[in-house]
Amino acid sequence: MAKFSINIPYRGEINQSAAQDLREKLISLKGVEDPSFDEDSHQLQLTVKDSEAIAAAVVALRGAGVQIPSQRASFPVLGMTCAACASSTENVAKYTEGVLDASVNFATGNLKVEYLPSLTGPEEIRRSVQEAGYDLLIEDKAKEQEKLREIQEENFSKQKTKTLLAAALSLPVAVLGMFFMDWRYTPVVSAILSAPVVFWLGRSFFVNAFRQARHGSANMDTLVALSTGIAYFFSLFNLLFPQVWESRGMEAHVYFEAAAVIVTFVLLGKLMEEKAKGNTSAAIKKLIGLQPKTVTIITADGQEIIKPIEEISVGEAVLIRPGEKIPVDGVVQSGESFVDESALTGEPLPVRKLQDSEVFAGTLNQKGSFVFKAIKVGSDTVLAQIIDTVQEAQGSKAPIQKLTDKIASVFVPSVLGIAALTFFIWMIFGGDDGFAGGILAAVTVLVIACPCALGLATPTAVMVGIGKAAENGILIKDAESLQMIGKIDTVVLDKTGTITEGHPQVTDIRWAKYADEVSRQVLFTLEKHSEHPLAEAIVAHFPGFRSLPLASFESHTGEGISGEYNGKKYLAGNQKLMNRNNVQAGEFQSYDALASRGTTQIYFADDSQVLAVVNIEDKIKEGSAAAVAEIQEAGIDVWMLTGDSGNAAKKIAAQAGIKNFRAELLPNDKADFIKELQLKGKRVAMAGDGINDSTAMAVADVSIAMGKGSDIAKDVAKMTIISSDLRKLPLAVRLSGQTTQTIRQNLFWAFIYNIIGIPVAAGALYPVNGFLLNPMLAGAAMAFSSVSVVLNSLRLRYRK
């Protein structure tokens with residue numbers, strides 16, 4: 001293959017020493033030559049052999065800390081008929097110049113691709129895929145689903161018509177072949193009726209097989225085209241030249257009915273498979289159907305205007321009447337009602353909405369009417385982000401899928417080899433009927449082999465599992481996370497917002513005698529500058545107060561805050577902050593005496609002594625204790641980690657039924673503790689708010705964000721519980737186990753079907769009991785194998 005030169009843009013500055021090191025690293029890669037960095041244009045120039053060399057160079061650069069901008073996209077693939085098609089499409093996309101990575105999910109029919117926009121784009125990738133005999137749907141995201149749905153409905157309708165016509169023509173051929181085989185005109189009538197079934201209704205098998213052959217590959221269409229083509233033309237030869245066999249004392253058998261019925265069964269199987277696969281994406285269809293088509297806008301002069309939802313703008317006032325679905329995200333301006341948010345959160349109880357309450361697209365208004373201001377529209381709404389998250393997760397591959405993809409990629413060539421070997425064995429050992437028997441056995445082997453069952457085993461189960469999780473208010477980022485959740489043996493929980501409600505309130509403030517009104521103003525001002533949840537509780541305790549002008553302000557991670565006012569330093573935080581600044585307890589005598597209430601204490605002090613002790617309490621969530629008990633009953637250890645004081649942590653842990661906890665931890669301490677658990681061989685899930693606990697969550701095997709609303713899309717967690725209800729966690733663990741069990745069942749039946757079916761089709765039982773599988777029955781078995789895998793996955797939807 002000829003080498004070619006390319007330019008790869010990069011970000012950031014690279015000094016001469018670093019550039020030299022990078023050049024040496026790039027030169028060591030296979031297929032990469034002459035790398036040089038242009039500092040003015042921020043372009044890397046190099047000569048490469050192929051797309052693999054480009055991808056390897058980018059990986060090496062990123063590993064060295066160089067930022068290489070790329071784009072990720074997902075496109076529906078049109079024209080795929082089996083798992084081998086998915087493998088072929090994936091390989092073609094990967095070898096497109098500028099593509100860094102590509103992955104095709106046969107069940108969802110999507111190509112996920114990462115590419116360098118400076119070297120390629122969607123149209124170039126599409127052309128590469130088209131050359132392989134497939135196509136990509138490249139549409140605006142807002143129109144993609146509608147366009148894809150139209151194409152799928154049209155294809156399903158055509159498939160149904162073809163199947164019915166094939167059945168109508170094949171039935172008399174099958175009847176003639178079974179009951180009127182001695183009638184002199186049976187072969188002629190069968191040949192005439194079979195021809196349109198094989199070469200007109202089944203022409204797509206031959207067209208696709210030819211396209212695959214041009215690219216040196218093969219798929220299920222290859223198997224069907226070869227088997228039916230061989231069966232038909234062998235029968236036609238016997239019909240036209242029977243004397244070739246009769247002169248040798250043999251009978252000239254015809255197998256027109258086998259060719260026609262095989263095509264019919266394959267078409268029927270594809271029809272049933274598409275119908276069943278459509279049901280696996282029911283969760284996505286349900287989410288997409290939540291958004292109404294039109295919206296009622298209230299203009300500045302009070303008029304009501306109905307417009308399409310695509311035309312709504314941020315800031316417009318939207319009227320919602322009883323029974324209507326909320327079209328976009330916003331904040332209530334007037335009126336009140338109860339809103340059913342179960343479609344997003346999985347929570348059955350409606351939520352009361354008053355002025356300034358947030359409302360979300362796709363939720364259902366109940367009895368009252370209200371007007372809200374549109375805050376997020378289109379792809380920015382929570383509903384749109386949930387749909388994107390679920391689609392992305394359903395299109396991802398579980399670790400076990402990589403093995404089945406490799407098997408699927410070599411499956412068809414292996415079957416072709418087995419069919420050829422079968423024919424030659426029959427020729428050698430089959431006696432007088434060796435040739436005809438070999439043809440029949442080879443055809444049966446080609447027909448019964450089914451790579452589709454292997455290709456569908458994992459992704460269909462993943463699609464249903466992730467979809468069911470979404471229906472219950474659990475967003476799972478990818479298939480690997482879904483599989484991993486069921487393997488955890490330790491759950492680490494953050495306290496605030498995870499076990500507790502996350503709305504701390506001040507129970508009381510004990511002021512020192514020497515604290516004056518200015519001290520109260522300073523405390524309010526310091527906390528006003530902080531973004532900590534505890535600070536919000538203290539600020540809320542001083543309604544009507546105004547901030548003072550601070551000379552300085554500083555936040556101390558895990559300890560508190562400090563600032564300077566009127567030439568004097570003030571501090572607010574925990575005992576660590578007080579000790580580090582040598583602040584005395586003053587009239588409160590000792591910190592030990594203060595820390596016995598079981599509440600969270602915030603100490604407010606000047607540079608010498610404590611001026612006030614703020615007691616703050618955060619109530620435990622209603623379902624936390626039940627969730628912890630359910631997790632522990634499943635044999636999973638539960639730990640609570642918090643930066644709060646030991647006594648406060650002990651109180652919450654006791655209420656939640658948690659025996660193991662650690663208190664007064666900094667964010668890095670939490671991450672270190674999780675690493676300690678992992679070193680002991682534990683598989684750890686960390687549940688937190690996704691912001692304060694991001695370090696610990698990044699270390700955990702599975703990160704779980706307890707979030708609601710607009711934070712969902714920004715969350716980097718592997719799993720998000722939208723309602724923040726901890727009871728969803730054991731549900732996710734059970735669902736993961738059920739999905740993994742379904743995948744194993746699917747793979748077992750897919751493998752066992754081919755392991756048993758192919759030898760039987762080749763005639764392995766013929767020397768034992770004279771049994772030789774009829775090609776028509778093989779076609780029916782092949783069609784049923786794929787459908788059975790999909791139907792088994794669909795059982796997940798109805799399991800509790």
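Residues numbered from 1 in each chain as written. Predicted model: local features only at pLDDT ≥ 70, side-chain atom pairs only at ≥ 80, totals over all residues. Heavy atoms only, no water.

So, the sheet that holds strand β11 (residues 329-335)
Hydrogen bonds along the backbone pair up the strands of a sheet, which may run parallel or antiparallel. In spatial order, the strands read β9-β8-β10-β16-β11-β14; together these six strands make up an open sheet with antiparallel pairing. Two strands close off the open sheet at either side, each with one partner strand: β9 (304-308) and β14 (358-359). Where β11 meets β14, two bridges bridge the pair, whose relative direction is antiparallel. Opposite V331, over in β14, you have E358 as the bridge partner. (Pairing = 2+ DSSP bridges. Helix = DSSP H or I, 4+ residues; strand = E, 2+ residues; numbered from the N terminus.)

Looking at the nonpolar core
Counting 126 residues, the largest nonpolar core has L111, L493, I658, I704, M719 and L729 as its most contacted members. Tallying contributions element by element places helix α28 (residues 728-762) first for this core, with 12 residues. Contacts of L729, omitting those with residues within four sequence positions, involve V491, L493, I631, I704, M719 and I721. Grouped together as the second largest cluster of nonpolar side chains are 24 residues, I509, L548, V614 and I616 included. (Core = buried A, V, L, I, M, F, W, Y, C linked by side-chain atoms within 4.5 Å. Buried < 20%, exposed > 50% of the residue type's maximum accessible area, 1.4 Å probe, protein only. Contact = heavy atoms within 4.5 Å.)

Describing the pattern of salt bridges
Applying the stated criterion to the full structure yields 17 salt bridges. Ionic pairing is found between E114 and R62, a salt bridge with its closest N-O pair at 3.0 Å. Highlighted residues: E114 in strand β6 (residues 110-115) and R62 in helix α2 (residues 51-63), separated in sequence by 52 residues. Here E114 falls in the buried class, since its relative accessible area comes to 8%. Note that D135 is salt-bridged to R126, the shortest N-O span being 3.0 Å. R126 sits in the partly exposed class, given a relative accessible area of 22%. A single network of salt bridges, built from pairs that share partners, joins R62, R72 and E114. (Salt bridge = Lys/Arg side-chain N within 4 Å of Asp/Glu carboxyl O.)

Here we look at helix α24 (residues 646-656)
Listed as buried for α24 are A648, A649, I652, A653 and A656. Each buried residue of α24 sits inside an arc of 130 degrees when the element is viewed along its axis, so together they form one side. Exposed side chains of α24 directed beyond 90 degrees from the buried face belong to K650 and A654. Looking at the buried residues of α24, the elements they touch are α18 (495-499), β23 (600-606), α23 (624-633), β25 (637-641) and β26 (660-662). Backbone geometry just downstream of α24 places G657 in the positive-phi region, at approximately 80 degrees. (Arc of directions from axis to C-beta.)

What about the UniProt feature "transmembrane region" (unreviewed entry) in the protein?
UniProt feature "transmembrane region" (unreviewed entry): in the numbering of this structure it lies at residues 163-181, 187-210, 222-241, 253-271, 407-429, 435-458, 747-766 and 772-794. Annotated as 89% helix and 0% strand, the span residues 163-181 places its first and last C-alpha atoms 25 Å apart. From the first C-alpha to the last, residues 222-241 spans 27 Å; its make-up is 95% helix and 0% strand. (UniProt positions renumbered as here; feature names shortened; annotations may be inferred.)

Description of the domain arrangement of the protein
Here the protein is partitioned into domain 1 (4-64), domain 2 (71-138), domain 3 (313-376), domain 4 (474-501 + 620-737) and domain 5 (505-617). One C-alpha centre belongs to domain 1, the other to domain 5, and the line joining them spans 54 Å. (Domains from an automatic or database assignment.)

Focus: the sheet that holds strand β1 (residues 4-9)
Strand order in this open sheet of three strands is β1-β3-β2, and the pairing throughout is antiparallel. A strand with exactly one partner marks an edge of an open sheet, and here the two such strands are β1 and β2 (32-38). Within this sheet the neighbouring strands show an average axis-to-axis angle of 20 degrees, counted without direction. With six bridges joining them, β1 and strand β3 (residues 43-48) adopt antiparallel strand pairing. Of the residues in β3, the one forming a bridge with P9 is Q43. Sheet strands in contact with helix α1 (residues 16-27) are β2 and β3, and its direction is about 160 degrees off that of β2. (Axes fitted to C-alpha atoms, helices over the stretch in contact; angles between N-to-C directions.)

Observations concerning the packing of aromatic side chains
Applying the stated criterion to the full structure yields 17 aromatic pairs. Consider the rings of F748 and W749, whose centres lie 5.1 Å apart with planes at 75 degrees: the pair is edge-to-face. With a relative accessible area of 47%, F748 lands in the partly exposed category. Taken together through their ring pairs, the aromatic side chains of F199, F206, Y232, F233 and F256 make up a single cluster. (Phe/Tyr/Trp six-rings, centres within 6.5 Å; stacked < 30°, edge-to-face > 60°.)

Concerning unusual backbone geometry
A positive phi angle, close to 55 degrees, is found at N582, a residue other than glycine. Position of N582 relative to the elements: it lies in the loop between α21 (575-580) and α22 (591-594).

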